[in-house]
Amino acid sequence: MIMIRKSLVLAMALATGITVAPSDLRAQEQSFEAYLDSVAAKARAEGVRDATISEVFADLTPNNRVIELDRDNVTSSGRLNPDTGFAFMSSYIERHNSQSRINGGRRTMARIASLANSVEQTYGVPAEIIVAIWGHETAYGAVKGGFDLPRSIATLAWEGRRRDRFERELIDVLKIADSGVARSNLVGSWAGAFGNPQFLPSVYLRLAVDGDGDGARDIWNSDADTLHSIANYFRDHGWQAGEAWGVRAYVPNSVDRDAVAGDYVDPECPRVHPRHSKFLPVSEWRAMGVIPRGEIGDDVMAMLFEPDGPAAPGYLLTQNYRAILEYNCSNYYAMSVGLLADAIAQ
Ligand SMILES: [Ca+2]
């Protein structure tokens, strides 16, 4: 309990913009060093070699900036639409799916054409979806993050707001180093994601693929490994081959939104799913007067999403949209990935 209270004091200090001196970041029950020792013991018990632990943890210190970014991430919000209570989707999409990002996606598709085709055949995931993920995560590999991963992850685990999650990632990043990935390669975002697809260590261990067969799962530099790994992620999360992620749809005012409201609850992601209707066959949506503006079969199950309210564009979204949410549980993220994929494929 003491630890929780001290964490809250730290959180409040950060939320109110008070500068926190590095010494205050040690206001935890355990020193950073003692905490790393406890994690090292757990990693050792899971088979990580001592030499790897010593190398990865050498001279590691907590990163104040990572904690600040983590707090900003929790508290920030954009300009809100008074009708929906959420930030405007249309302005988000405009900002994130810029013409230069669309052009970058088309250039990437042209560069990897034959590889993309074989990945699509193998996994059943459209190349433009994979490339759109790549574009949103790292601007097609241009911006992969410059934070030292073990340091970022150790800081987040030690700080404690999401200790269970990040302690697991810290042990997994040790396992990645133990598998032969160079210490100098362990660089990524402040939140612990890395490489072209911005996988977390646990995701890398479970789902990264050696697509070019050279013996290494190199999601930092290899196009083949990157594409196979993202496609494998989607296949693992239930992507349905041959089915759209969603289509824009005309929705008449006569549709009773309350009658079609959804009830899907995901405790990990509480604010995203309640904005969607329940799943119904497209034929039933058509019977209510909804007109899909893209290709989607009558028997496909789809949910209605009107991100900026009933007066703005609506969408019918399939199970594949849920798979994109598994990558990053945000309607803004998933919509921008789907629409970027459409724009790249045009
Ligand atoms: Ca490889």
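Preceding this paragraph is the structure being described.
Since we're looking at a predicted model, the values are computed, not measured.

(A) Spatial organisation of the coordination of the calcium ion. Coordination of the calcium ion by the protein is provided by Asp210 (OD), Asp212 (OD), Asp214 (OD), Ala216 (O), Asp225 (OD) and Asp225 (OD), with metal-donor distances spanning 2.2 to 2.8 Å. Linear spacing of the donor residues for the calcium ion on their chain is D-x1-D-x1-D-x1-A-x8-D. Of the two residues, aspartate 210 is situated in the loop between helix 11 (201-207) and helix 12 (223-236) and aspartate 225 in helix 12; the sequence distance between them amounts to 15 residues.

(B) Region of the structure containing helix 6 (residues 99-111). If you check helix 6, its first and last C-alpha atoms are 18 Å apart, about what 13 residues at 1.5 Å a residue would give, namely 18 Å. When helix 6 is considered as a whole, its buried residues turn out to be Ile102, Gly104, Gly105 and Thr108. Looking straight down helix 6, one finds its buried side chains confined to an arc of 160°; they lie on one side. Opposite the packed face of helix 6, turned more than 90 degrees from it, sit the exposed residues Ser100, Arg107 and Ala110. Those residues of helix 6 that are buried are in contact with helix 8 (127-138) and helix 15 (331-345).

(C) Structural context of the side chain of threonine 226. Secondary-structure assignment places threonine 226 in helix 12. The class for threonine 226 is buried, based on a relative accessible area of 0%. Within the structure, threonine 226 has its side chain in polar contact with the side chain of asparagine 196 (distance 3.0 Å). When neighbours within four sequence positions are excluded, threonine 226 is seen to be in contact with Trp134, Asn196, Pro197 and Ile219.

(D) Layout of the sheet that holds strand 7 (residues 314-317). Strands sit in the order 4-6-7-3-5 across an open sheet of five strands; the sheet is antiparallel. Each of the sheet's edge strands pairs with one partner strand only, and the pair in question is strand 4 (280-281) and strand 5 (291-292). Examined bridge by bridge, strand 6 (residues 301-305) and strand 7 share three bridges and lie antiparallel to one another. Each residue of the ladder has a partner; that of leucine 304, found in strand 7, is leucine 316.

Conventions we followed
Residues numbered from 1 in each chain as written. Predicted model: local features only at pLDDT ≥ 70, side-chain atom pairs only at ≥ 80, totals over all residues. Heavy atoms only, no water. Donors = N, O, S within 2.8 Å, 3.2 Å for Na, K, Ca; no water. Helix = DSSP H or I, 4+ residues; strand = E, 2+ residues; numbered from the N terminus. Expected span 1.5 Å × (residues − 1). Buried < 20%, exposed > 50% of the residue type's maximum accessible area, 1.4 Å probe, protein only. Arc of directions from axis to C-beta. Contact = heavy atoms within 4.5 Å. Polar contact = N/O pair within 3.5 Å; in protein donor to acceptor, adjacent residues only side chain to side chain. Pairing = 2+ DSSP bridges.

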